[in-house]
Amino acid sequence: MCKGAGNIEVLGCGMVHPQVFEKCEIDSGKFKGYAFGIGIERIAMIKYQVNDIRYFYENDKRFLRNFE
């Protein structure tokens, strides 16, 4: 099991930055928003004993071939 295992975040969320609305020509003074995303890679980290989440985002084919 991974060191410090316990609860893990698999559904991250946060406030949408006002500049995102402005870039979409939406009045950020009138509208607010939340962004949600599922973090399936965190479950994969436990299952495959990967110790650094950044490996999933580096596009290293040698690493990614382990999950074919």
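The structure this text deals with has already been given above.
In this text the structure is predicted, and so the values were computed from the model without any measurement.

Procedures and definitions
- Residues numbered from 1 in each chain as written.
- Predicted model: local features only at pLDDT ≥ 70, side-chain atom pairs only at ≥ 80, totals over all residues.
- Heavy atoms only, no water.
- Core = buried A, V, L, I, M, F, W, Y, C linked by side-chain atoms within 4.5 Å.
- Buried < 20%, exposed > 50% of the residue type's maximum accessible area, 1.4 Å probe, protein only.
- Contact = heavy atoms within 4.5 Å.
- Phe/Tyr/Trp six-rings, centres within 6.5 Å; stacked < 30°, edge-to-face > 60°.
- Helix = DSSP H or I, 4+ residues; strand = E, 2+ residues; numbered from the N terminus.
- Polar contact = N/O pair within 3.5 Å; in protein donor to acceptor, adjacent residues only side chain to side chain.
- Lys, Arg positive; Asp, Glu negative; His and termini not counted.
- Salt bridge = Lys/Arg side-chain N within 4 Å of Asp/Glu carboxyl O.

A.B. asks: Where do I start with the nonpolar core in this structure?
C.D. replies: Side chains of a nonpolar character, in soluble globular proteins, are inclined to be buried together. Ranked by size, the top nonpolar core spans five residues in total: Ala44, Met45, Val50, Phe56 and Phe63. Sequence-distant contacts of Val50, defined by excluding residues within four places in its chain, comprise Met45, Tyr55, Phe56, Phe63 and Phe67.

A.B. asks: Help me out: how do you make sense of the packing of aromatic side chains in this one?
C.D. replies: Two aromatic rings, taken as a pair, are described by how far apart their centres are and by the angle between their planes. Enumeration over the complete set of coordinates arrives at six aromatic pairs. Seen in terms of ring centroids, Tyr48 and Phe67 are 4.9 Å apart; in terms of plane orientation they differ by 80 degrees. Their pairing is edge-to-face. Residue Tyr48 is located in the loop between helix 2 (40–47) and helix 3 (61–64), and its partner Phe67 is located in the segment after helix 3; the two are separated by 19 residues in the primary sequence. Residue Phe67 is classed as partly exposed on the basis of its relative accessible area, which comes to 29%. Each ring, one from Phe56 and one from Phe67, has its centre 5.8 Å from the other, and the planes form 40 degrees; the classification is tilted.

A.B. asks: How should the side chain of Asp52 be read in this particular structure?
C.D. replies: Tracing the backbone shows Asp52 in the loop between helix 2 and helix 3. A distance of 2.8 Å separates polar atoms of two side chains, one belonging to Asp52 and the other to Arg54.

A.B. asks: Even after reading the chapter, I still don't get unusual backbone geometry, so can you show me in this structure?
C.D. replies: Peptide bonds are mostly trans, and most non-glycine residues show a negative phi. A positive phi angle, near 55 degrees, is found at Gln49, a position not held by glycine. You can see Gln49 is positioned in the loop between helix 2 and helix 3.

A.B. asks: Please explain the environment of Glu9 as it appears in this structure.
C.D. replies: Position of Glu9 among the secondary structure elements: in the segment before strand 1 (11–15). Assessed through its relative accessible area of 47%, Glu9 is described here as partly exposed. Between the C-alpha atom of Glu9 and that of Asn66, which follows or precedes it by 57 residues, the distance is 23 Å.

A.B. asks: Help me out: how do you make sense of the side chain of Glu41 in this one?
C.D. replies: Residue position: Glu41 is located in helix 2. Buried charge without a partner: Glu41 forms no salt bridge, and the closest opposite charge is Arg42, 4.1 Å away. The contact partners of Glu41, leaving out residues within four places of it in the chain, are Ile53, Phe56 and Tyr57.

A.B. asks: Teacher, can you tell me more about the environment of Met45 here?
C.D. replies: Examined against the element boundaries, Met45 turns out to sit in helix 2. Through-space distance from the C-alpha of Met45 to that of Phe56 is 9.3 Å; in sequence the pair is 11 residues apart.

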